[in-house]
Amino acid sequence: MGDRMRTAGRKLLDLITGPVARQRGWRSVQLGENGARLVYDEDAEHSGRGLQSLASEYLCHHHVGEMLDLYGVNCVFDVGANTGQFGRELRRLGYTGRIVSFEPTSAAFGQLSEAAADDREWHVHRLALGRENTLASIHTGWDTMNSLRPPSDYGRVRYERFTDTRTEEVPVRRLDAVMDEALAGIEDPRPFLKMDTQGYDLEVFTGAGDRIWDFVGLVSEVALLRLYEGSPRMSEAVARYEAAEFEITGIYSVSRDPATGRVVEFDCVMMRAKAAPPR
């Protein structure tokens, strides 16, 4: 068995470093001293998002998948679902539990509905979540960056898309007002909260009220450089999450300022250690 594994390993290494790989535009770099390698396409290296951002997103998703498994999560609240990117990634990672996605904008919600159409355990709602039940205007036309907040001065400089501003009126609900319906039929719910709401995550969190203690973990996009007016800085957001006994298990950069190299935002994964099943 050992010889077969070594032979397979040599064949794989040749595949990802040899002439076939070079012909296809694949590149490979060694990760540390344990034999692991990162293989990527040349197009990824030169993409607008950059190889580091793509690698960071990949590592974040896999870490979230590991935490869902470790903590026995059986319902993921996907807040700010956009077109369903996070839900699709969860399924690719092997998560089979319930996903409840919230997306308020009409164009993105249409694509989200299509993504979830054949998945009985993926429920979708055309709603924004916040600290109160109300109607609000959301800025649209910003692709994955639609927000209930206007752009900051820095945001306008950083992203040209913010100059084209349209709005759409959307319903906003508190998280604690939708939880019973979302968790209906799940025995011993162990929910996880994913927030990607472009500067509005802390409003979503606040809208959970005391029900935030039902969640075993969360992931939130936290800002060092604010892209949106009135959004909290990373230190404020993390302090609020820590006050509810969530503790950091991973931090992954989302974007950097190209002129200075400063990190703009992180994806921060936090779990409630007391909720971990006994091992």
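Residues numbered from 1 in each chain as written. Predicted model: local features only at pLDDT ≥ 70, side-chain atom pairs only at ≥ 80, totals over all residues. Heavy atoms only, no water.

**Some thoughts on the sheet that holds strand S12 (residues 263-271)**
Pairing is mixed across the open sheet formed by seven strands, whose spatial order is S5-S4-S3-S9-S10-S12-S11. The open sheet has two edge strands with one neighbour each: strand S5 (122-125) and strand S11 (247-256). Across this sheet, the average inter-strand angle for adjacent strands is 15°, counted without regard to direction. Note: strand S3 (residues 75-79) against strand S4 (residues 98-102), five bridges, orientation parallel. Paired with Cys75 across the strands is Arg98, a residue of S4. Each of S3, S4, S5 and strand S9 (191-195) is contacted by helix H8 (residues 175-183), which is oriented at about 140° to S3, the strand it contacts most. Contacts from helix H10 (residues 234-243) reach S9, strand S10 (217-223), S11 and S12, with the element oriented near 165° to S10. (Pairing = 2+ DSSP bridges. Helix = DSSP H or I, 4+ residues; strand = E, 2+ residues; numbered from the N terminus. Axes fitted to C-alpha atoms, helices over the stretch in contact; angles between N-to-C directions. Contact = heavy atoms within 4.5 Å.)

**A short note on the packing of aromatic side chains**
Under the criterion given, the structure shown has seven aromatic pairs. Here the aromatic rings of Phe205 and Phe246 are separated by 6.4 Å at their centres, their planes lie at 70°, and the arrangement is edge-to-face. Linking Phe205 in helix H9 (residues 201-206) with Phe246 in the loop between H10 and S11, this pair joins segments that are 41 residues apart in sequence. Note on accessibility: Phe205 and Phe246 belong to one class, buried. Put simply, the rings of Trp142, Tyr159, Phe162 and Tyr228 pair up and form one aromatic cluster. (Phe/Tyr/Trp six-rings, centres within 6.5 Å; stacked < 30°, edge-to-face > 60°. Buried < 20%, exposed > 50% of the residue type's maximum accessible area, 1.4 Å probe, protein only.)

**Description of unusual backbone geometry**
Trans is the common state for peptide bonds, and a negative phi is the common state for residues other than glycine. A positive phi angle is found at Asp188, which is not glycine, with a value near 55°. Its place among the elements puts Asp188 in the loop between H8 and S9. Although it is not a glycine, Glu245 sits at a positive phi angle of roughly 70°. When you line up the elements, Glu245 lands in the loop between H10 and S11. You can call Glu245 partly exposed: its relative accessible area is 31%.

**Re the sheet that holds strand S6 (residues 128-130)**
The sheet built from three strands is open, its strands ordered S6-S8-S7 with mixed pairing. Strands with a single pairing partner mark the edges of an open sheet, and in this sheet they are S6 and strand S7 (134-140). Looking at each pair of strands side by side, their axes are set apart by 50° on average, direction ignored. Across seven bridges, S7 lies against strand S8 (residues 166-174) in antiparallel orientation. Opposite Leu135, over in S8, you have Pro171 as the bridge partner. Of the strands in this sheet, S6 and S8 are in contact with H8, which crosses S8 at around 70°.

**Remarks on H8**
Taken as a whole, H8 has its buried residues at Leu175, Val178, Met179, Ala182 and Leu183. Along the long axis of H8, the arc covered by the buried residues comes to 125°, so they all point the same way. Turned more than 90 degrees from where H8 packs its buried face, Asp180 and Glu181 sit exposed. Tucked inside the fold, the buried residues of H8 contact S3, S4, S6, S8, S9 and H9. In the stretch just after H8, Gly185 is the one whose phi turns positive, near 90°. (Arc of directions from axis to C-beta.)

**Quick notes on the side chain of Ser231**
Among the structural elements, Ser231 can be located in the loop between S10 and H10. The exposure class of Ser231 is buried, given its relative accessible area of 4%. A polar contact of 2.9 Å, which involves the side chain of Ser231, links it to the backbone oxygen of Tyr228. Leaving out residues up to four positions away in the same chain, Ser231 has contacts with Arg149, Gly199 and Arg226. (Polar contact = N/O pair within 3.5 Å; in protein donor to acceptor, adjacent residues only side chain to side chain.)

Fair warning: the whole summary comes from geometry, so function is off the table for now.
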